[in-house]
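Next come the chains, spelled out residue by residue.
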Amino acid sequence: MALKSQLLKGVLEGCILAVIAREEVYGYELSVKLAEYGLTFVSEGSIYPVLLRMQKEQLISGILRDSPNGPKRKYYRLTEKGHQALEEFKENWMDMKAAVERILNQGSGEDDGRRND
């Protein structure tokens, strides 16, 4: 679990940007959506500091809206800077993913560049 947590720290912001790009969400709803995608080990409490930092960096903006039950909720959406950051994350992710897959598959017989004649 500790390794998963460390790996996630590097990609959580990009995942949050991607979810918010699809639709405006509030904090708890965001944690539910991340869990639906398989990030079940991301706690709601770990999301709020990231949202706060992203808001300070002007990647997202928040607006308070009435809730059907209880206090108002802060809904987040991407700013133009956030859209740019998401595109940069996607490019970096694809490059890193390809490199890691090459490393993990090296010597396993899966396209490791060697001929087995």
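Quick caveat: nothing in here was measured; it's all calculated off a predicted structure. (Residues numbered from 1 in each chain as written. Predicted model: local features only at pLDDT ≥ 70, side-chain atom pairs only at ≥ 80, totals over all residues. Heavy atoms only, no water.)

1. What about the overall build of the protein?
Right, on to step 1. Of the regular secondary structure elements, the protein holds 4 helices and 3 strands.
Right, on to step 2. Listed N to C, the secondary structure of the protein is α-β-α-α-β-β-α in terms of helices and strands.
Right, on to step 3. Burial analysis of the protein (117 residues in total) assigns 28% to the buried set.
Right, on to step 4. Sequence separation of 24 or more characterises 49% of the internal contacts of the protein that already satisfy a separation of 6 or more.
Right, on to step 5. Total accessible area computed for the protein in this model is approximately 8300 Å², and 53% of it derives from carbon and sulfur atoms. (Helix = DSSP H or I, 4+ residues; strand = E, 2+ residues; numbered from the N terminus. Buried < 20%, exposed > 50% of the residue type's maximum accessible area, 1.4 Å probe, protein only. Contact = heavy atoms within 4.5 Å. Areas by Shrake-Rupley, 256 points an atom, 1.4 Å probe, with all protein chains shown as cover.)

2. Examining the packing of helix 2 (residues 27–36) against helix 3 (residues 44–56)
Right, on to step 1. Between helix 2 and helix 3, the least distance of the axes is 9 Å, while the angle of their chain directions is 115°. In the crossing of helix 2 with helix 3, the sense of the turn from one axis to the other is right-handed. The residues of helix 3 that touch helix 2, namely those facing G27, Y28, L30, S31 and L34, are E44, I47, Y48 and L51.
Right, on to step 2. Of the residues assigned to the contact of helix 2 with helix 3, the class counts are 6 nonpolar, 2 polar and 1 charged. (Axes fitted to C-alpha atoms, helices over the stretch in contact; angles between N-to-C directions. Left-handed = near helix turned anticlockwise from the far one by under 90°. Nonpolar A, V, L, I, M, F, W, Y, C, P; charged D, E, K, R; others polar.)

3. Some thoughts on helix 2
Right, on to step 1. Here helix 2 has its buried residues at G27, L30, S31, K33 and L34. Within helix 2, the buried residues cover an arc of 165° as seen down the axis, which keeps them to one side.
Right, on to step 2. The positive-phi residue at the C-terminal boundary of helix 2 is G38, with phi of around 110°. (Arc of directions from axis to C-beta.)

4. Examining the side chain of K33
Right, on to step 1. Inspection of the secondary structure puts K33 in helix 2.
Right, on to step 2. With a relative accessible area of 16%, K33 lands in the buried category.
Right, on to step 3. Discounting residues that sit within four places of it in the chain, K33 has contacts with V19, E23 and V25.

5. Quick look at the sheet that holds strand 1 (residues 25–26)
Right, on to step 1. Within the open sheet, the 3 strands sit side by side as 1-3-2. Their pairing is antiparallel. A single partner strand is all that each edge strand has here, and the edge strands are strand 1 and strand 2 (60–65).
Right, on to step 2. Across 2 bridges, the pairing between strand 1 and strand 3 (residues 73–78) is antiparallel. Within strand 3, the position partnered with Y26 by the bridge is Y75. (Pairing = 2+ DSSP bridges.)

No statement about biological role is implied by the geometric values presented.
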